[in-house]
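Inside the fold
Here are the chains, one letter per residue:
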Amino acid sequence: QVQLVESGGGLVQAGGSLRLSCAASGRTFSNYAMGWFRQAPGKERMFVAAISWSGGSTYYADSVKGRFTISRDKDKNTVYLQMNSLKPEDTAAYYCAKVFNIEGSWRPYDDWGQGTQVTVSS
């Protein structure tokens, strides 16, 4: 299976930006849709964004539309999440995973990285 390593998180002031990276090793994920999820303390892990295997289609949770952009670099086996206009509500641990769509909902496979923490101060 693919090993996933998330990076790029940190502490940022509200209104600032961060770019998260998800690097794959062991096996290419170029033929899989990929997604980002986040989990805040005491809350369930929630879908954030997904990108098709071709990179031609992207999908976003309503809470991040217009602020976040997901992209992928097939040659580097890396998926990115550009986060702009960050809000305190975006504070969470962010994870990437291979994803699939079932009945209109994006779901993760069982492979996760260690996550990267994003903290947005007000």
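Rules used throughout
Here the residue index of a chain counts from 1 through its sequence in written order. Since the coordinates come from a predicted model, pLDDT governs what is reported: local features require at least 70, and pairs of side-chain atoms require 80 or more to be given and counted, while whole-chain, interface and lining totals use all residues. The side-chain numbers reported here are obtained from all heavy atoms of the structure, hydrogens and water having been left aside. Any Phe, Tyr or Trp ring, taking Trp's six-membered ring, that has another such ring centre within 6.5 Å forms a pair; planes under 30 degrees apart are called stacked, those over 60 apart edge-to-face, and the others tilted. Helix and strand definitions follow DSSP, with helices as H or I runs of at least four residues and strands as E runs of at least two, each counted in order from the N terminus. Counting as a charge over the ring demands two things of the Lys NZ or Arg CZ atom: a distance within 6 Å of the ring centre and an angle within 35 degrees of the ring normal. The disulfide criterion is simple: two cysteine sulfur atoms within 2.5 Å. Only protein chains enter the accessibility calculation, which uses a 1.4 Å probe. A residue is then buried if its area is under 20% of the maximum for its type, exposed if over 50%, and partly exposed in between. A side-chain nitrogen of Lys or Arg and a carboxyl oxygen of Asp or Glu constitute a salt bridge if their distance falls within 4 Å. Any two residues having at least one pair of non-hydrogen atoms within 4.5 Å are treated as being in contact.

Tallied over the entire structure, the rule returns six aromatic pairs. With a centroid separation of 6.3 Å and an interplanar angle of 85 degrees, the aromatic rings of Tyr 32 and Tyr 109 are classed as edge-to-face. Of the two residues, Tyr 32 sits in the loop between β3 (18–25) and β4 (33–39) while Tyr 109 sits in the loop between β10 (105–108) and β11 (116–121), which places them 77 residues apart along the sequence. Seen in terms of ring centroids, Phe 37 and Trp 112 are 5.5 Å apart; in terms of plane orientation they differ by 75 degrees. Their pairing is edge-to-face. Of this pair, Phe 37 sits in strand β4 while Trp 112 sits in the loop between β10 and β11; the two residues are 75 residues apart in sequence, bridging distant segments of the chain. Three or more aromatic residues joined by ring pairs form one cluster here, namely Phe 37, Phe 47, Tyr 95 and Trp 112. Just above the ring of Tyr 32 sits the side chain of Lys 98; from NZ or CZ to the centre is 4.3 Å.

What follows deals with the state of the cysteines. Applying the stated criterion to the full structure yields one disulfide. Between Cys 22 and Cys 96 runs a disulfide, and the two sulfur atoms are separated by 1.9 Å. Looking along the S-S bond of the Cys 22-Cys 96 disulfide, the torsion reads about 60 degrees, which is the right-handed sense. In this pair, Cys 22 sits in strand β3 while Cys 96 sits in strand β9 (residues 92–102), placing the two residues 74 residues apart along the sequence. Cys 96 matches Cys 22 in its accessibility class, with the two residues each being buried.

Attention now moves to the pattern of salt bridges. A full pass over the atoms with the stated rule returns four salt bridges. Residue Asp 90 is joined to Arg 38 by a salt bridge in which the shortest nitrogen-to-oxygen separation is 2.9 Å. Within this pair, whereas Asp 90 is found in the loop between β8 (78–83) and β9, its partner Arg 38 is found in strand β4, the two being separated by 52 residues in sequence. There is no split in this pair, since Asp 90 and Arg 38 are both buried. Linking Asp 62 and Lys 65 is a salt bridge whose minimum nitrogen-to-oxygen distance equals 3.2 Å. Neither residue differs from the other here; Asp 62 and Lys 65 are each classed as exposed. Salt bridges sharing common partners tie together Arg 38, Arg 67 and Asp 90.

Before going further, it helps to spend a moment on the side chain of Ser 21. Among the secondary structure elements, Ser 21 is positioned in strand β3. The exposure class assigned to Ser 21 is buried, which follows from its relative accessible area of 16%. Those residues in contact with Ser 21 that lie beyond four places of it in its chain are Val 5, Glu 6, Ser 7, Trp 36, Thr 78, Val 79 and Tyr 80.

Any functional reading would require information beyond the geometric quantities listed.
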